[in-house]
Each structure stands twice: as structure tokens, then as C-alpha cells.
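# A closer look at the structure
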Amino acid sequence: MKITDAQVIVTAPGRNYVTLKLVTDDGVVGYGDATLNGRELAVAAYLTEHVLPLLAGRDASRIGDTWQYLYKGAYWRRGPVTMTAISAVDQALWDIKGKVAGLPVHELLGGKAREALTVYGHASGADVDGLLADVARHLELGYTAVRVQAKIPGMDSTYGTHTGAQIYEPASGALPTEETWNTAAYLDFVPAMMKRVRDEFGYGFHLLHDVHHRLTPIEAARLGGALEPYRLFWLEDATPAEDQEAFRLIRSHTVTPLAVGEVFNTIWDCRQLISERLIDYIRTPVTHAGGISHVRRIMDLADLYGVRSGCHGPGDISPIGMAANLHLDLAIPNFGIQEYMGHRDPAGEVFDWGYRYEGGMLWLSDRPGLGVEVDEEAARRYPYDPKYLPVARLADGGMHDW
Ligand code: CS2
Ligand code: MG
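Residues numbered from 1 in each chain as written. Chains lettered and ligands numbered in written order. Predicted model: local features only at pLDDT ≥ 70, side-chain atom pairs only at ≥ 80, totals over all residues. Heavy atoms only, no water.

### Re the pattern of salt bridges
For the record, the criterion: Here, a salt bridge means any Lys or Arg side-chain nitrogen found within 4 Å of an Asp or Glu carboxyl oxygen. Only DSSP runs of H or I covering at least 4 residues are called helices, and only runs of E covering at least 2 are called strands; the numbering of each starts at the N terminus. For every residue, the accessible area obtained with a 1.4 Å probe (protein chains only) is divided by the maximum for its type, and the residue is called buried under 20%, exposed over 50%, and partly exposed between those limits.
Within this structure, the stated rule accounts for 21 salt bridges. Taking the shortest distance from any N to any O, the salt bridge between arginine 393 and glutamate 178 comes out at 2.5 Å. Of the two residues, arginine 393 is situated in strand E17 (residues 391-393) and glutamate 178 in strand E6 (residues 178-180); the sequence distance between them amounts to 215 residues. Relative accessible area serves as the criterion here: at 49%, glutamate 178 is assigned to the partly exposed category. Between aspartate 385 and lysine 387 there is a salt bridge, with the nearest N and O atoms lying 2.7 Å from each other.

Right, here's the structure in full:
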């Protein structure tokens with residue numbers, strides 16, 4: 001079973017997505033998500049120029065060997081562009097293996113370890129009242145876990161919030177928009193926001209919050225302590241994620257559970273955090289960290305140390321990458337929770353995904369492979385549309401972490 005054809009599909013149905021399509025000599029088609037928000041064409045070019053020529057004629061059944069060939073063979077290891085490209089190949093090969101076997105990928109990973117996957121949704125608001133209305137909406141929809149963010153008073157805009165029912169879109173503008181960040185205002189606001197949420201809705205559901213890497217370790221320690229009465233499921237990305245030792249300081253000050261890892265791309269980024277038990281949830285998703293093959297190794301390492309999964313699942317991971325997360329989630333022993341933002345219209349015109357939301361959980365269909373099909377004609381109707389994530393500056397103009 002040889003790879004005879006390969007193609008990179010760049011399309012923007014609601015936002016940009018990069019998809020790798022591999023075809024075998026038997027005509028089996030496999031898809032992989034290669035979307036790296038704001039850097040989409042770097043991965044598309046990496047695949048087109050440096051990976052696809054190496055895949056022609058390779059045995060599509062040898063997933064592990066192809067992974068090692070692309071990882072060790074490049075000499076330049078790791079990094080988000082490389083690891084997203086390798087991930088796309090890995091996902092497409094698992095998709096093909098599943099389709100050839102007539103089995104969903106989670107069956108190839110050992111079979112279901114649970115029936116469905118508990119997800120958390122995103123509630124947010126332009127102020128706390130708006131947030132409370134959105135939390136109520138999520139609880140009515142059956143969510144048992146809700147991430148809460150609200151616009152911080154005194155700041156022009158706050159990343160990760162939306163005002164309508166439509167999911168928020170992280171990237172906007174042909175150039176990055178600039179947001180002004182104020183740590184003191186944020187630290188004062190968040191505990192008060194959490195109090196309002198718990199006062200209104202009680203403790204019968206999980207509450208999560210994302211800091212987007214904006215605090216120093218001691219600030220994060222203070223926030224974690226201040227949030228303890230509200231019993232968070234997790235506090236996410238409290239500090240810039242590349243400084244693994246920072247978590248030791250946070251950990252020594254608070255029992256608020258910690259999650260990190262959506263920007264990680266290999267097991268090496270997580271190793272110290274996991275082996276020193278500095279975090280509770282590892283968020284590294286299939287799309288950005290070498291695919292199902294590599295993220296499975298991360299989750300296995302995490303399991304040894306009692307760390308559970310909480311894979312990144314924003315709208316800027318395509319339905320293919322989302323499905324890949326879900327197949328892994330379903331099979332691993334240490335599943336924690338799955339982020340679920342959904343996809344904006346008209347993503348459904350291009351991608352036909354085999355999972356559905358019901359009762360606070362995502363349910364995977366029995367479709368073989370990853371279970372996502374791509375309508376290439378529809379993809380052509382939505383050409384690439386350059387968009388960037390915003391940047392954060394302080395009031396004095398200095399760049400801030402995010
Ligand atoms: C966020 C994302 O979903 C999350 O937890 O941190 O919105 C993230 O900022 C985007 O995916 C970046 O592309
Ligand atoms: Mg996040």
C-alpha cells in the first residue's frame with residue numbers, strides 16, 4: 001500500500017484551515033489537520049516543499065517509521081511548524097489505516113475506554129452580567145464544565161471573550177490588532193467574577209479559566225490562592241509555558257489545579273512539568289505535537305504521574321484535528337476533559353465530521369478512520385484569508401506576554 005498522491009488544501013470557511021490529503025495506490029484517502037493559527041502558510045510550504053516529495057512511494061501502513069523518518073531525518077527537530085507538519089502526515093496515515101481496516105481509529109488504539117467525552121464549553125461576556133447569561137445558556141445546553149472569561153473593566157478589549165452566541169474567533173485583521181493589558185486590573189477582577197458565578201449557579205458544575213500566559217509566577221500563585229474558594233477544575237496557562245520551572249513556585253502556593261501545554265509541540269516541552277507533578281492537566285493537542293503517535297506518548301508519560309489530558313480544542317484546530325483528539329481521548333486511561341468550541345459556519349460545507357455534542361459530551365460515530373470527509377470543491381469556494389492573533393502591550397507601549 002504505497003502513497004501515490006499528496007496534496008495540501010488551504011481553505012477559509014469561517015477561518016483558515018490547512019489540510020493534508022494523502023492517497024494510496026488502492027485509492028484510499030487519508031486526511032490530516034495542519035492548521036497553525038496565524039502561520040498557516042509556513043506549514044503548507046513545509047509540507048509541499050519538504051515533506052510531500054519524501055512521501056511518494058512510501059508504504060502507507062508504516063506510521064511509526066514515517067514519523068521517525070520525518071522527525072530524525074530532518075536534523076532540525078521540534079518546533080511548531082515542523083511538528084504540525086509531521087502531525088498532519090501522522091493523522092492522515094492513521095486515517096488510512098482505519099479506513100483499510102474498516103475501523104474507527106480509537107479501535108486501533110485499543111478501543112473505547114469510555115462511552116463519550118466530557119467537554120467544557122466557552123462562556124464569556126462583555127461584563128459579568130453578560131457572562132452570567134452565557135453560563136446559564138451553557139448549563140441549559142447540558143454542559144457540566146464551563147470556561148468563564150469576561151471583559152476586564154477599564155480595558156478596551158479582553159482576549160477570549162465574545163458578546164453574541166457565536167463562538168469567539170481568536171484571529172482577526174490582516175495585521176495583528178493591539179490590545180492593552182493591565183495585570184493589576186485583571187488580578188482584582190477575576191476572583192470577583194468567579195464569586196458572582198458561584199453565587200449565581202452554585203458548585204454543581206466544573207469551572208475553568210484561561211490566563212493566556214499573562215502572569216508572572218508570583219502573580220499566578222496569588223491568583224491561584226484567591227480562586228481556591230471557587231474550586232476551579234483548572235487554571236490554564238498561568239505563566240508563559242516555556243518556563244517549566246515557574247510552575248514549581250505556583251504549585252508551592254496554591255492547590256488550584258493547573259493546566260498548560262496548548263502551545264507545546266513535543267514530549268520534551270512537558271517532561272519536567274509531568275515528572276515533577278507540577279501540573280494536573282496536559283493540554284497538548286494532536287494537531288500541533290506530532291500527531292496521534294506522539295501525543296499518545298505524552299499522555300502515557302502523564303498517566304505515570306497522575307496527570308490527566310485536557311486537549312486544546314479551539315476553532316482554529318480543524319474538525320479533522322478535533323476528531324484526532326477525540327479518538328485518542330476515547331482510548332487513553334487518563335482522559336481528563338476535552339475543550340470544545342465548535343466551528344463557525346460555513347466550516348460544515350467543507351468538513352463533514354463524525355462526532356456530535358449531546359448532554360455535555362462529545363460522541364464519536366463508528367465511521368472508519370478519523371471519520372471526517374472533505375469537500376474539495378467547497379474548499380475552493382473559500383480561499384485563504386490572512387488573519388493574525390492580537391498582540392498585548394502594556395499602557396507604556398511595552399510588549400506583554402501572551
Ligand atoms: C485558547 C485559544 O482555547 C484556548 O484555550 O487559549 O483560543 C488560543 O488562544 C487559540 O487557539 C490560539 O490560536
Ligand atoms: Mg488556552
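Here the narrative resumes.
### Side note on the domain arrangement of the chain
Selection criterion: Throughout the structure description, domain borders are defined by an automatic or database domain assignment. What makes two residues a contact is simply this: any of their non-hydrogen atoms within 4.5 Å. Accessible area that two parts lose when put together, evaluated with a 1.4 Å probe and summed over both, is termed the buried area. Pairs of N or O atoms are called polar contacts if they sit within 3.5 Å, as long as, within protein, a hydrogen donor faces a hydrogen acceptor (for residues adjacent in sequence, only side-chain-to-side-chain pairs).
Examined at the domain level, the chain breaks down into domain 1 (3-103) and domain 2 (108-370). A straight line from the C-alpha centre of domain 1 to that of domain 2 covers 26 Å. Contacts between the two partners involve 32 residues from domain 1, matched on the other side by 36 residues from domain 2. Carbon and sulfur atoms supply 61% of the area buried between domain 1 and domain 2, which totals about 2,600 Å² over both sides. Linking arginine 15 and glutamate 169 is a salt bridge whose minimum nitrogen-to-oxygen distance equals 2.6 Å. There are 17 residue pairs in polar contact (both at pLDDT 80 or more) connecting domain 1 and domain 2. When contributions to the side of domain 1 that touches domain 2 are tallied by element, the ones reaching two or more residues are strand E2 (17-24), strand E3 (29-33), helix H2 (63-73) and helix H3 (80-101).

### Structural notes on the packing of H3 against helix H10 (residues 291-304)
Put simply, the rule is: To obtain an axis, a line is fitted to C-alpha atoms, over the contacting stretch when the element is a helix, and the angle between two such axes runs from 0 to 180 degrees between their N-to-C directions. Throughout this description, any angle smaller than 35 degrees is read as roughly parallel, any larger than 145 degrees as roughly antiparallel, any in the 65 to 115 degree range as roughly perpendicular, and the remainder as oblique. Gly falls in the polar group here, along with every residue not listed as nonpolar (Ala, Val, Leu, Ile, Met, Phe, Trp, Tyr, Cys, Pro) or charged (Asp, Glu, Lys, Arg).
Orientation of H3 relative to H10, taken along the N-to-C sense of each, is 100 degrees, at an axis distance of 6 Å. Taken together, the axis directions place H3 and H10 in an arrangement best described as roughly perpendicular. For the pair H3 and H10, contact is made by Ser87, Asp90 and Trp94 and by Gly291, Ile292, Ser293 and Arg296, respectively. Taken together, the residues that form the contact of H3 with H10 break down as two nonpolar, three polar and two charged.

### A look at the packing of helix H1 (residues 40-55) against H3
Quick note on the threshold: A crossing counts as left-handed when the near helix is turned anticlockwise from the far one by less than a right angle, and as right-handed when that turn is clockwise.
For the pair H1 and H3, interaxial distance at closest approach is 9 Å and the crossing angle is 55 degrees. By the angle between their axes, H1 is oblique relative to H3. Here the hand of the crossing between H1 and H3 comes out right-handed. Contacts from Ala42, Val43, Tyr46, Leu47, Val51 and Leu55 in H1 reach Val81, Thr82, Thr84, Ala85, Ala88 and Val89 in H3.

### Description of the site of ligand 1
Quick reminder of the rule: In these notes, residues near a molecule or strand are those with any non-hydrogen atom within 4 Å of it. Only the protein chains shown count as cover for residues, and all accessible areas are computed by the Shrake-Rupley method using a 1.4 Å probe.
Around ligand 1 lies a shell of 16 residues, among which Tyr159, Tyr168, Glu262, Asp316 and Glu339 are the nearest. Contact distances for ligand 1 include 2.9 Å between an oxygen atom and a side-chain N or O atom of glutamate 236. Arginine 283 is positioned with one of its side-chain polar atoms (N or O) 3.1 Å from an oxygen atom of ligand 1. Contact with the protein chains removes 94% of the 340 Å² of surface that ligand 1 exposes when unbound. Here the residues of the shell around ligand 1 sort into five nonpolar, four polar and seven charged.

### Description of helix H11 (residues 319-331)
Definition in use: To estimate the expected span of a helix, count its residues, drop one, and scale the result by 1.5 Å.
In this model, H11 (13 residues) spans 19 Å end to end at C-alpha, consistent with the 18 Å of a helix rising 1.5 Å per residue. In terms of burial, H11 is largely enclosed, as 13 of its 13 residues are buried.

### Side note on the environment of threonine 180
Along the chain, threonine 180 turns up in strand E6. The spacing of threonine 180 and serine 157 is 23 residues in sequence and 7.7 Å in space, taken between C-alpha atoms. Not counting the four nearest positions on each side in its chain, threonine 180 is found in contact with Met155, Arg393, Leu394 and Ala395.

### Description of the coordination of the magnesium ion (ligand 2)
Which entries qualify depends on this criterion: For Na, K and Ca the donor cutoff is 3.2 Å, while for all other metals N, O and S atoms count as donors only within 2.8 Å; water does not appear among the atoms, so some sites may look incomplete.
Protein-derived coordination of the magnesium ion (ligand 2) comes from Asp210 (OD), Glu236 (OE) and Glu262 (OE), at a distance range of 2.0 to 2.1 Å. Motif for the magnesium ion (ligand 2), donor spacing along one chain: D-x25-E-x25-E. Of this pair, aspartate 210 sits in strand E7 (residues 206-210) while glutamate 262 is found in the loop between strand E9 (258-260) and helix H9 (267-275), placing the two residues 52 residues apart along the sequence. Classification of glutamate 262 as buried rests on a relative accessible area of 13%.

### Section: the environment of aspartate 59
Looking at the element boundaries, aspartate 59 is found in the loop between H1 and H2. For aspartate 59, a relative accessible area of 28% puts it in the partly exposed group. When the C-alpha atoms of aspartate 59 and isoleucine 3 are compared, they prove to be 6.4 Å apart, with 56 residues separating the residues in sequence. Excluding its chain neighbours within four sequence positions, the residues that come into contact with aspartate 59 are Met1 and Thr66. There is a polar contact of 2.8 Å between the side chain of aspartate 59 and the side chain of serine 61.

### Some thoughts on a negative patch on the surface
The test is simple: Excluding any residue in a salt bridge, patches collect residues exceeding 30% relative accessible area, merging like charges within 9 Å and nonpolar Val, Leu, Ile, Met, Phe, Trp and Tyr side chains within 5 Å. We treat Lys and Arg as the positive residues and Asp and Glu as the negative residues; His and chain ends play no part in the count. Working definition for charges: the position is that of NZ of Lys, CZ of Arg, CG of Asp or CD of Glu.
On the surface, a cluster of negative charge is made up of Glu242, Asp243, Glu245 and Asp401. Judged by relative accessible area, which is 46%, glutamate 245 ranks as partly exposed.

### A word on the sheet that holds strand E18 (residues 399-400)
Cut-off, in case you're wondering: Each pair of strands is called paired provided DSSP finds at least two bridges between the two strands.
Strand order in this open sheet of three strands is E6-E17-E18, and the pairing throughout is mixed. A single partner strand is all that each edge strand has here, and the edge strands are E6 and E18. In terms of strand pairing, E17 meets E18 through two bridges, oriented antiparallel. Looking across to E18, one finds that arginine 393 is bridged to methionine 399.

### Considerations on the sheet that holds strand E1 (residues 3-11)
In any sheet, the strands associate via hydrogen bonds between backbone groups, in a parallel or an antiparallel arrangement. Spatially, E1-E2-E3 is the arrangement adopted by the three strands of the open sheet, whose pairing is antiparallel. Of all the strands in the sheet, just E1 and E3 have a single pairing partner and so form its edges. With strand direction ignored, the average angle separating the axes of adjacent strands in the sheet is 20 degrees. As judged from the eight bridges shared by E1 and E2, these two strands associate in the antiparallel manner. Bridging from a neighbouring strand, isoleucine 3 pairs with threonine 24 of E2. This element, H1, spans E1 and E2 of the sheet and lies at about 175 degrees to E1. Sitting on the sheet, H3 is in contact with E1, E2 and E3, with an inclination near 145 degrees to E3.

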